[in-house]
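# Fold and geometry: a report
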Amino acid sequence: MIDQEPFKNLEGSKSEGRLAGKYRHAWVEESFDFEMGAAPAPEKRNYLGTSITAKKIKIFLGVIVICLVVIYSRIFYLQIVKGSAYRLLAEGNRLRLRPIIAERGIIFDRFKTPLVENVPSFSLAIVPQDLPPAKEARQKIISQISQISGVAGDYIQEILKRYGSYSLESLVIKENLDYDSALKLYINSANLPGVLIEKGTKRHYLSGEKIAVGAPFSLAHVLGYLGKLNEKELAELHTRGYLPSDYLGKSGLEKEYEGVLRGKYGRKKIEVDTWGREQNVLAEEAPAPGQNLVLSIDLEAQNKLEDLIKEMLRRTGKKKAAGLVLNPQTGAVLAMVSWPTFNNNDFSGGISAVKYKQYLVNPDQPLFNRAIGGVYPSGSTVKLVIAAAALEEKIITKATTVLSTGGLDVGGHFFKDWKAGGHGATNVTKAIAWSVNTFFYYVGGGYEKFVGLGVDRLTKYMRAFNLAKVTGIDLPGEAEGFLPSRDWKEETKKERWYVGDTYNLSIGQGDLLVTPLQVAVWTSAVANGGKIIRPRLADKIIDPVSKKETFILPEIKNQNMVSAGNMEIVKQGMRECVTAGSCGLMQTLPFLTGGKTGTAQWSSKNPDHAWFTSFAPYSNPQVVVTILVEEGKEGSAVAMPIARDFLAWWGKKYLGH
């Protein structure tokens, strides 16, 4: 009940008791009409209890406790559990590791003449991490970059998308800036976050203005070129220190010796501002330059062989040829020409799409290294191997003769010799000297009562002389060639092997395919007494800091497949080719040589390929010269003059006459 005592003094006083409106007691929900002086009946009074119960208070306190636990747990997780990670992340926004590009190793010829150099270059790059995170702001920056650089905005977006997982790396969007352009872009981009002008080097392959003996563009296939890493290469090589902006050896020696030439990048730890610009260098690790590569190539010999090949092609109207000069004792390559060739400086720093397409659509395929990758019927050059096999298997001796009357008639099929009427009585040296087909029909496939080698023994010896195998030269892109067999023909052509197939194989025709390098390798085996030596271009590797030299030693791949005595008989046949056979032009040289001509049929519509292979001097061979002229017709008329003129030059330089 509400105490009424406080209200008694209000009765009888209209001035004090009359109160307009209603007075609400804090504890009572009903109102009193003081003007009437009446109060509700006791049974009509309602009382207000406590609006916040103890249960609600407990729930409220529980919620507060839970919230505090969650907050403190989160703080503990961020500060203690993930503190180191977030500390590193924060430091990453302030501190950066920037690579210091290592100088790529230089490639020299055998006399230390540099064939390449590294020239300074500038590039415009973007660091995705430092671009604004907001889409509109980022797009605005990209538009500004596009305006000042001339690079399409869509291309920049594509680069950012393609290399999205390399957000802290600098992504190059424009290369090969000259100094003035780089300075202008640097000034214009000074207020653009994430934009850098980077200094580096690019490869320059030296030409006539730097080397007195002439432009070494015929070495383009040998030296190769560098190219930008594609996405697959970057994914594989990023853990080994390669960057999205890096270049990689794509062909030639640049590719083969990438690990030697590249060097080890250095690093510097820098402090950057909010726009990613370098403020202070905190620590630095110097780069280690790549090692230098000294080749067996004689640049002067290379250019001489190139000039001779180009001149012969000009005179005959032909377009494609290959030439090789090897040391038969060591396998060292002194010269390698594949024509037509290309300018590998076109690839330095990135080739334009237009220029690259011109190379690709050129029907003469200037990017293709014919010396190691071109495969052709061997023609009569393979008769050196057939003769050695027949001697070793005792099918013949040096005294064995075959009567050549112009060809053989087998089952209604006539296998002709190249000379109508034949060559008369022919032994093995005469057969080599005059390239007598009839003799090799006999020793290869047999005739009447004469038992020849047969296809199985033929292919056995051909493989021993490195046919249908890569030679292992230190260049990418070498072809194996092709050696037909009984099983291959039955499986592929669904025909059995005929004696005519053996005849064709015995004279280097039919399905047999070889590379110019393989011909040079088996010619070297004749010259050195029977050793198949792996050809090589690199002679030694030099550390530019310690000056330590690591020599690349000769490697014998096979030997003793034919006795030295039998190889000497084959060698005598090559000498007889010069003194009394089809290689008579070589007699004009002031020293003794051996040679073998070859004419390879490959099309019923196009001219034959012209071969010639030789060695000199005869008593102590120091050089093998092998020439192929595509569609050159006869080796003696087109290929041999190139070899003769080269050996004349070589003799003056190295023999003194």
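Residues numbered from 1 in each chain as written. Predicted model: local features only at pLDDT ≥ 70, side-chain atom pairs only at ≥ 80, totals over all residues. Heavy atoms only, no water.

## Some remarks on the sheet that holds strand β9 (residues 278–285)
Adjacent strands of a sheet form backbone hydrogen bonds with each other and so pair up, either parallel or antiparallel. We apply this condition: Here, a strand pair is defined by DSSP locating no fewer than two bridges between the strands. Runs of E in the DSSP output that reach at least two residues are strands. Runs of H or I that reach at least four are helices, and both are numbered from the N terminus. Every axis corresponds to a line fitted to the C-alpha atoms, with the helix fit spanning only the stretch in contact, and the corresponding angles, defined between N-to-C directions, vary from 0 to 180 degrees.
Pairing is antiparallel in the open sheet, where three strands are placed in the order β1-β8-β9. In this open sheet, the two edge strands, each paired with only one partner strand, are β1 (95–100) and β9. Taking the axes of each pair of neighbouring strands and ignoring which way they run, one obtains an average angle of 30° across the sheet. As paired strands, strand β8 (residues 266–272) and β9 are joined by six bridges and run antiparallel to one another. By the bridge assignment for β9, K269 is matched with A283.

## Here's the deal with helix α20 (residues 516–528)
This is how it is decided: Each helix should span, by expectation, one fewer than its residue count multiplied by 1.5 Å. Type-normalised accessible area, obtained with a 1.4 Å probe on protein chains alone, sets the label of each residue: buried when under 20%, exposed when over 50%, and partly exposed for intermediate values.
When the terminal C-alpha atoms of α20 are compared, their 18 Å separation across 13 residues agrees well with the 18 Å that a helix rising 1.5 Å per residue should span. For α20, the buried fraction is high: 13 of the 13 residues fall into the buried class. Of the residues flanking the end of α20, it is G529, one or two places downstream, whose phi is positive at about 95°.

## Some details on the layout of surface pockets
Short version of the rule: In the cavity and pocket records, a cavity denotes points on a 1 Å grid over the protein atoms alone where a 1.4 Å probe fits but cannot get out, a pocket denotes an open set with protein on both sides within 12 Å along at least 5 of 7 lines, and lining residues are residues with an atom within 4 Å of a point. Grid points are joined across faces, edges and corners, and a volume is the space filled by probe spheres set on the points. Ten residues, namely Ala, Val, Leu, Ile, Met, Phe, Trp, Tyr, Cys and Pro, are considered nonpolar, four, namely Asp, Glu, Lys and Arg, are considered charged, and the remaining ones, Gly among them, are considered polar.
Considered as a void within the structure, the second largest pocket measures approximately 640 Å³ in volume. Lining the second largest pocket we find 24 residues, and of these S380, W418, N437, T599 and Q601 sit closest to its centre. Contributions of two or more residues to the lining of the second largest pocket are made by β15 (413–416), α16 (437–445), β21 (594–600) and α22 (635–655). Classifying every residue of the lining of the second largest pocket gives five nonpolar, 13 polar and six charged.

## Considerations on the environment of K540
Quick note on the threshold: Contacts: residue pairs with any heavy atoms within 4.5 Å of one another. In protein, a polar contact means a hydrogen-donor-capable atom and an acceptor-capable atom, both N or O and within 3.5 Å, with residues adjacent in sequence counting only if both atoms are side-chain atoms; elsewhere, any N or O pair within 3.5 Å suffices.
Counting through the fold element by element, K540 comes out in strand β18 (residues 538–542). The class for K540 is buried, based on a relative accessible area of 12%. K540 sits 245 residues away from L295 along the chain, and the two C-alpha atoms are 6.9 Å apart. With residues near it in sequence (within four places) discarded, K540 still touches K112, N292, L293, V294, E549, T550, F551 and I552. A distance of 3.4 Å separates polar atoms of two side chains, one belonging to K540 and the other to E549.

## Description of the confidence of the model for the chain
Rules: The predictor rates its confidence in each residue with pLDDT, a number between 0 and 100.
Scored by pLDDT, the chain has a mean of 88; 88% of the residues are at 70 or more. When the criterion is pLDDT under 50, residues 1–37 qualifies, and its contacts beyond four places in sequence or with other chains add up to 30 contacts. Long-range and interchain partners of residues 212–216, a stretch whose pLDDT sits below 50, account for 14 contacts in this model, where long-range means more than four residues apart.

## Let's talk about the sheet that holds strand β10 (residues 292–295)
The four strands are arranged β2-β10-β18-β19 in an open sheet whose pairing can be described as mixed. In the strand order of this sheet, the two ends are held by β2 (107–108) and β19 (549–551), each with one partner. The sheet contact formed by β10 and β18 spans four bridges and is antiparallel. Pairing of L295 across the sheet is with A538, part of β18.

## With respect to the pattern of salt bridges
Opposite charge on two side chains permits them to pair, given that their charged atoms come into close proximity. Just so we agree on the cut-off: Each reported salt bridge corresponds to a side-chain nitrogen of Lys or Arg within 4 Å of a carboxyl oxygen of Asp or Glu.
For the structure on display, the rule yields 24 salt bridges. With a shortest N-O distance of 3.1 Å, R104 and E254 are connected by a salt bridge. With R104 in the loop between β1 and β2 and E254 in helix α9 (residues 252–256), this residue pair connects regions lying 150 residues apart in the sequence. Residue K653 is joined to E300 by a salt bridge in which the shortest nitrogen-to-oxygen separation is 3.1 Å.

## A word on the packing of aromatic side chains
What counts here: Paired rings are identified among Phe, Tyr and Trp, the last through its six-membered ring, by centres lying within 6.5 Å, and are further divided according to the angle between planes into stacked (under 30 degrees), edge-to-face (over 60) and tilted (the rest). A ring is scored as having a charge over it whenever the NZ atom of a lysine or the CZ atom of an arginine sits within 6 Å of its centre and within 35 degrees of its normal.
Tallied over the entire structure, the rule returns 20 aromatic pairs. Taking the centre distance of 6.1 Å and the plane angle of 85° together, the rings of Y225 and F342 count as edge-to-face. Here the residue Y225 occupies a position in strand β6 (residues 225–228), and F342 occupies one in the loop between β12 (333–339) and α12 (353–361), the gap between them amounting to 117 residues. Three or more aromatic residues joined by ring pairs form one cluster here, namely Y225, F342, F347, Y356 and Y359. Directly above the ring of Y265 sits R262, whose terminal nitrogen or CZ lies 4.2 Å from the centroid. The ring of Y359 is capped by K355, whose NZ or CZ atom sits 5.4 Å from the centre of that ring.

## Some words on the side chain of D364
Where we set the bar: A residue counts as positive if it is Lys or Arg and as negative if it is Asp or Glu; His and the chain ends are not included.
With respect to the element layout, D364 can be found in the loop between α12 and α13 (370–373). Buried within the structure, D364 lacks any salt-bridge partner; its nearest side chain of opposite charge belongs to K320, at an N-O separation of 4.3 Å. Leaving out residues up to four positions away in the same chain, D364 has contacts with K319, K320, P340 and R370.

## A word on the nonpolar core
To be explicit about the condition: Among the buried residues, those of types Ala, Val, Leu, Ile, Met, Phe, Trp, Tyr and Cys that are joined through side-chain atoms within 4.5 Å form a nonpolar core.
By size, the foremost hydrophobic cluster in this structure holds 101 residues, and its most contacted members are L223, M336, F439, F440, M462, F465 and W522. Ignoring anything within four residues of it in the chain, the contact list for M462 reads V382, V385, I386, L467, L483, L505 and L512. Core analysis: the next-biggest nonpolar cluster, separate from the first, contains 35 residues, F612, V625, A639 and A643 among them.

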